Protein chains: 2
Amino acid sequence: MTTTYADLPVVVDRAAGSPLAAQISEQVRAAVTGGVLHAGDRLPSSRDLAATLGVSRTVISTAYARLFAEGWLEGRHGSGTYVADVAPVPSPAPATAGEWPTEPPIAGTVGHSPARGAGTVGHSPPEREPGAPGAPALIELQPGIPWTGGIDPAAWRRAWRYAGTRPPSQWPDPHGLPALRGELAGYLRRSRGLGVTPANILVTRGVAGGLALLAATLLRPGDKVGVEEPGYQAAREVLGRAGALIVPCRVDAHGVVPDELPGDLRLLYTTPAHQYPLGARLPVGRRQAVTAWARATGAIVVEDDYDSEFRYDVGPLPALYSVDPDVIVYLGTASKVLAPAFGAGWLVAAPALVERIARLRPALGERVPEPVQHALLALLTSGDLERHIRRMRLEYARRRAALTGGLAAAGPGGYQLRGDTAGMHVVLEVAAGTPAADVAAAAAANGVGLHTLDRYFAGPPSISGLVLGYGATPLTQVRRAAAILAPLLAGLPRLQ
Amino acid sequence: MTTTYADLPVVVDRAAGSPLAAQISEQVRAAVTGGVLHAGDRLPSSRDLAATLGVSRTVISTAYARLFAEGWLEGRHGSGTYVADVAPVPSPAPATAGEWPTEPPIAGTVGHSPARGAGTVGHSPPEREPGAPGAPALIELQPGIPWTGGIDPAAWRRAWRYAGTRPPSQWPDPHGLPALRGELAGYLRRSRGLGVTPANILVTRGVAGGLALLAATLLRPGDKVGVEEPGYQAAREVLGRAGALIVPCRVDAHGVVPDELPGDLRLLYTTPAHQYPLGARLPVGRRQAVTAWARATGAIVVEDDYDSEFRYDVGPLPALYSVDPDVIVYLGTASKVLAPAFGAGWLVAAPALVERIARLRPALGERVPEPVQHALLALLTSGDLERHIRRMRLEYARRRAALTGGLAAAGPGGYQLRGDTAGMHVVLEVAAGTPAADVAAAAAANGVGLHTLDRYFAGPPSISGLVLGYGATPLTQVRRAAAILAPLLAGLPRLQ
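Quick caveat, the model's predicted, so the values are computed rather than measured.

A few points about the overall build of chain A
Counting its regular elements, chain A contains 13 helices and 17 strands. Per-residue burial over chain A gives 59% buried out of 496 residues. Here the contacts in chain A between residues at least 6 apart in sequence split such that 73% fall between residues at least 24 apart. Surface exposure of chain A reaches about 18,000 Å², of which carbon and sulfur atoms provide 55%.

Listed below in structure tokens is the structure:
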């Protein structure tokens, strides 16, 4: 079934505040998400659509380019533009998806049971054990955890089967496997526009592993390290335990505030693509200000690009790394894309810094298991990783829409959504003085587990709010959670 | 071909200093190593051999029990005692062993080339790159690296193929996979006599990973931590970078000296089974003294049991952990048995401490990739891991004998072997004042790479010496290295 121009549900509104290209890409995206457009449907050429809508061809090209970059569209050489294969993922849970063996081949092997049994706390806060015996199953809305049920079992099997055919190295390369560094350079070029070569890349265990290596290489005990406030707790933990003095650096609605950065930081940990947890995308002016500050003070800026794969409206800005590769270190991870315990990521930096880390690394006894590197290599070269990302982007976009749509039933006034339409969580700001912990407790009593914003602050919280993750939660449960939460939010005091 | 009693080349000498059981087990071991006894050969019953040799049956039972524990013998129910399948491993190098695919299925994948190419330094000291282009190939005698060429490709493939069939957990257990903890408890019971349950076990990334978790859980900045002197450099690095003040604790010919341990240590890192690098086995009296010291001062003793799998004369003493599980934490690793970049190990401790670590762990972003855990589980349940260990034990015993035998051509006086007949390296002590670095430089000029003892000291070295590893070096190369080194050693000043 091919959609022709006539069927393409796109209109433009010159009176609206948003750019025309954004209006168009947003409507195409909504048409795919909403099931109006399907994989393989052909889109009009940019010339034809421009004529139909009465806009310039550049507007259409810009809109299409964005949709291409985000994976919604694909081109077939010489034959036009099509909706990409963003097939619905298996649903509702992989345990019933049929493709994973139901009986473990090894007796006693525990398969894919979410946090069942004593002592299994996972990413949950220690005070709450999801699915504790006797309690009704909690719908967990935890941020930062990708949906492992969305992994294609066949792709997973292929990757590890390949890894098993590679002989383990007698002298493992402390940079990571050369072939993997090559593939990662290509992947980062395609997905983030980074102009890097393998010499810029070091394979890590993930973001925390990359931070630990940076700390070991660059920091002396007592060095001051800036971390966004609010910010990623594991970054504070890893850097603080490496002997750094953590300096909270204030974040506002646009991300970290460059004018307030102190002059004596050795390192600054940031999340410019999607501030964690508030969700801002650092604007271009601030990006320049932060790198100028780093140049002036001699600090290194760490750019944690943890979930830039998942944006549902506009595409991400180019990575901060591109602005000044000499003072920025870029961190990425496969754990936020594939599975929490995948265990591989990448660090991108100037080649001299990559060498310093690689030379220090053996003395720390720190390695990324080679089979994990081989498996990631296989997922990259086969295209399975990028296919997975496209499918998850669509799935998370649907869950996000279901969550925010369901919460809207609470009516206006009690909360405000913060941050971009991106990633795997939303932040609800509530009125100052509203004890977010009480809302969380009421939610838990009604069967929904969520976090308060407090835990992301090192000092006293400047905003009251709730963090609702949907990465690990299937669509039906997200809908149910929103239906449970809306009445609780409706009763909240009005936010100014 | 079955060996009968008459063929068993064993005699006893009551005038010799060593116990009769040790004499017998040593001769049986030598008969297997030397190719006199073969896999499947049947041994006489303990009653018959006792009668033949004119010793008590207890002597024979003791000797056989030791040989069983070390894996040289196996019993078949109701049908006697046989030489175990310690088949020779593929030789000389896995690149030619035929079972690994010769063409990588993924273009550009670098297979099993030992440290070739720019930037590939592996475990080598940064100042020396093995196999640098243009240079003649160096025979590397590096300690602590197992022979990856000895891995059975079919077993490796099976383990990772199995791992690929397991769905990744949505909420990974921070203790490690429950099924793996269960298998590890059984393995540690069989191989080390540890009376532990899964509640005592936490899956780690390896010894360095276990130390980092212990440091994060137990240490505050400025806490004093004892490390054997000389000792394992990575332990000093990991603990020091976690903010601890490292206190060198003297080691003599019997291991760490308990009488000299200070009273204000929070943690003591030790290698009681096989002191790293000097090779002593801590005697029973000192074991009791160390645990009494820990009880009295409130310190925790870390027992790094890194290579107890490999002993070629007497078996290991029971783990120190058995003496007092409340004050000892036991660390083991698969990386010293399988491959440097395997990436999984285990920590054994009181259940309360295991819980504390597991609760802290998610905040550190520290995980063991689940497929690695599944692969280790598969290697344990299939018996492939223990088969591999038996084969490697035989192989390393042969290499060790070839190395020490070849060096003996230097004649007496210039050096002295230190430590037990165990592990994957030997230590040659040379006369104080002999610059070991000069010997190492001369060896390198003649094509043999080795380390000096200096690098294992935090302070000024109290012993001059060389460390020669044979784990990563095939037998033919070990022989050639010994032939190159013997003349260099013959020229050394006499050791007092």
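After presenting the structure, the write-up continues.
A word on the packing of helix α6 (residues 207-218) of chain A against helix α9 (residues 351-364) of chain A
Packed helices, taken two at a time, are described by the angle their axes make and the gap between the axes. Residue and element names in this part refer to chain A. Contact geometry of α6 with α9 gives a least axis separation of 9 Å together with a crossing angle of 95°. In terms of their interaxial angle, α6 and α9 are classed as roughly perpendicular. Note on element contacts: α9 touches α6 through Leu353, Arg356, Ile357, Leu360, Arg361 and Leu364, opposite Leu213, Leu214, Ala216, Thr217 and Leu218. Of the residues contributing to the contact of α6 with α9, the split by class is eight nonpolar, one polar and two charged.

Points about the side chain of Asp324 of chain B
Take Asp324 of chain B: it is sitting in the loop between β10 (300-304) and β11 (328-333). The contacts of Asp324 of chain B, once residues within four sequence positions are left out, are Thr291 and Arg295 of chain B.

Concerning the packing of aromatic side chains
What the rule picks out here adds up to 19 aromatic pairs over all chains. Stacked on the ring of Trp147 of chain A, the Lys or Arg Arg399 of chain A has its end atom at 4.4 Å from the ring centre.

Topic: the environment of Ser322 of chain B
Residue and element names in this part refer to chain B. Here Ser322 shows up in the loop between β10 and β11. When the C-alpha positions of Ser322 and Phe342 are compared, they lie 27 Å apart, and in sequence the two are 20 residues distant. Residues contacting Ser322, with those up to four places away along its chain left out, are Gly193 and Leu194.

Topic: the sheet that holds strand β13 (residues 415-418) of chain B
Residue and element names in this part refer to chain B. Spatial strand order, β13-β14-β17-β16: four strands in an open sheet with antiparallel pairing. Every other strand in the sheet has two partners, leaving β13 and β16 (451-452) as the edge strands with one partner each. The pairing of β16 with strand β17 (residues 464-469) spans two bridges and is antiparallel. When the sheet's bridge partners are listed, Thr452 is paired in β17 with Leu466. Of the strands in this sheet, β16 and β17 touch helix α12 (residues 436-445), which is tilted by about 35° from β17.

Observations concerning helix α10 (residues 370-381) of chain A
Residue and element names in this part refer to chain A. If you check α10, its first and last C-alpha atoms are 16 Å apart, about what twelve residues at 1.5 Å a residue would give, namely 16 Å. The buried count for α10 comes to eleven of twelve residues, which makes it a mostly enclosed element. All of the buried residues in α10 are Glu370, Pro371, Val372, Gln373, His374, Ala375, Leu376, Leu377, Ala378, Leu379 and Leu380. Positive backbone phi, at 85°, marks Gly383, one or two positions downstream of α10.

Description of the pattern of salt bridges
This model, assessed by the stated rule, comprises 34 salt bridges over all chains. Note that Arg281 of chain B and Asp420 of chain B form a salt bridge whose closest N and O atoms lie 3.7 Å from each other. You can see Arg281 of chain B sitting in the loop between β9 (267-270) and α8 (284-297) and its partner Asp420 of chain B sitting in the loop between β13 and β14 (425-430), a full 139 residues away along the chain. For Arg281 of chain B, a relative accessible area of 25% puts it in the partly exposed group. When salt bridges that share partners are traced, they join Arg158, Asp384 and Arg387 of chain A into one network.

A look at the pairing of strand β5 (residues 201-204) of chain B
All names here are of chain B. Burial along β5 is two-sided: Ile201 and Val203 and Leu202 and Thr204, pointing in opposite directions, are all buried. In terms of strand pairing, β5 meets strand β12 (residues 345-348) through four bridges, oriented antiparallel. Counted as the bridge partner of Ile201 is Val348 from β12.

Overview of the nonpolar core
Membership of the largest hydrophobic core comes to 241 residues, with the highest contact counts inside it found for Phe342 and Leu468 of chain A together with Phe342 and Leu468 of chain B. When near neighbours in sequence (up to four residues on either side) are disregarded, Leu468 of chain B contacts Leu141, Leu403, Leu407, Met424, His425, Val426, Leu428, Leu450 and Leu485 of chain B. Leu213, Ala349, Val354 and Leu453 of chain A belong to the second largest nonpolar core, which has 42 residues in total.

Observations regarding the environment of Pro262 of chain B
One can find Pro262 of chain B in the loop between β8 (255-256) and β9. Along the sequence, Pro262 of chain B and Gly343 of chain B sit 81 residues apart, while their C-alpha atoms lie 34 Å from each other.

Some words on the side chain of Thr452 of chain B
Residue position: Thr452 of chain B is located in strand β16. When sequence neighbours within four positions are dropped, the list of residues in contact with Thr452 of chain B reads Ala436, Ala437, Ala440, Gly465 and Leu466 of chain B.

Structural notes on the packing of helix α5 (residues 178-192) of chain A against α10 of chain A
Residues and elements named next belong to chain A. Here α5 crosses α10 at 40°, and the two axes come no closer than 10 Å. By the angle between their directions, the pair α5 and α10 is classed as oblique. Pair α5 / α10 crosses with left-handed handedness. Packed against α5, whose contacting residues are Ala179, Leu180, Glu183, Leu184 and Tyr187, the element α10 presents Gln373, Leu376, Leu377, Leu380 and Thr381 at the interface. Its residues assigned to classes, the contact of α5 with α10 shows seven nonpolar, two polar and one charged.

Overview of the sheet that holds strand β7 (residues 245-252) of chain A
Residues and elements named next belong to chain A. Taken in spatial order, the eight strands make up an open sheet running β5-β12-β11-β10-β9-β6-β7-β8, and their pairing is mixed. The outermost strands of the open sheet, each flanked by one partner alone, are β5 (201-204) and β8 (255-256). Sheet topology places strand β9 (residues 267-270) next to strand β10 (residues 300-304); four bridges connect them, and they run parallel. When the sheet's bridge partners are listed, Leu267 is paired in β10 with Ile300. Here α5 sits on the sheet and contacts β5, β11 (328-333) and β12 (345-348); the angle it forms with β5, its principal contact strand, is near 105°.

Regarding the environment of Thr81 of chain B
Residue and element names in this part refer to chain B. With respect to the helices and strands, the residue Thr81 is situated in strand β3 (residues 80-83). Overall, the relative accessible area of 14% leaves Thr81 in the buried class. Along the primary structure Thr81 and Pro371 are separated by 290 residues, whereas in three dimensions their C-alpha atoms are 38 Å apart.

A short note on unusual backbone geometry
Residue and element names in this part refer to chain A. In the segment running from Glu229 into Pro230, the intervening peptide bond is cis, with an omega of 0°. Within the element layout of this structure, Pro230 appears in the loop between β6 (224-229) and α7 (233-241). Following Tyr276, the chain continues into Pro277 via a peptide bond in cis, with omega recorded as 10°. Inspection of the secondary structure assignment puts Pro277 in the loop between β9 and α8 (284-297).

With respect to the confidence of the model for chain A
Any residue range with low pLDDT should be treated as having predicted coordinates unsuitable for detailed reading. All names here are of chain A. The predicted model of chain A has a mean per-residue pLDDT of 87, with 87% of residues at 70 or higher. For the stretch residues 87-98, pLDDT sits under 50, and the model shows 16 contacts to residues farther than four places along the chain or on other chains. Low pLDDT (under 50) marks residues 107-134, which in the prediction has 50 contacts with non-local residues, meaning those over four places away or in another chain. Quick note on the complex model: pTM equals 0.81, ipTM equals 0.80.

Analysis parameters
Residues numbered from 1 in each chain as written. Chains lettered and ligands numbered in written order. Predicted model: local features only at pLDDT ≥ 70, side-chain atom pairs only at ≥ 80, totals over all residues. Heavy atoms only, no water. Helix = DSSP H or I, 4+ residues; strand = E, 2+ residues; numbered from the N terminus. Buried < 20%, exposed > 50% of the residue type's maximum accessible area, 1.4 Å probe, protein only. Contact = heavy atoms within 4.5 Å. Areas by Shrake-Rupley, 256 points an atom, 1.4 Å probe, with all protein chains shown as cover. Axes fitted to C-alpha atoms, helices over the stretch in contact; angles between N-to-C directions. Parallel < 35°, antiparallel > 145°, perpendicular 65-115°, else oblique. Nonpolar A, V, L, I, M, F, W, Y, C, P; charged D, E, K, R; others polar. Phe/Tyr/Trp six-rings, centres within 6.5 Å; stacked < 30°, edge-to-face > 60°. Lys NZ or Arg CZ within 6 Å of the ring centre and 35° of its normal. Pairing = 2+ DSSP bridges. Expected span 1.5 Å × (residues − 1). Salt bridge = Lys/Arg side-chain N within 4 Å of Asp/Glu carboxyl O. Core = buried A, V, L, I, M, F, W, Y, C linked by side-chain atoms within 4.5 Å. Left-handed = near helix turned anticlockwise from the far one by under 90°. pLDDT = per-residue confidence, 0-100.

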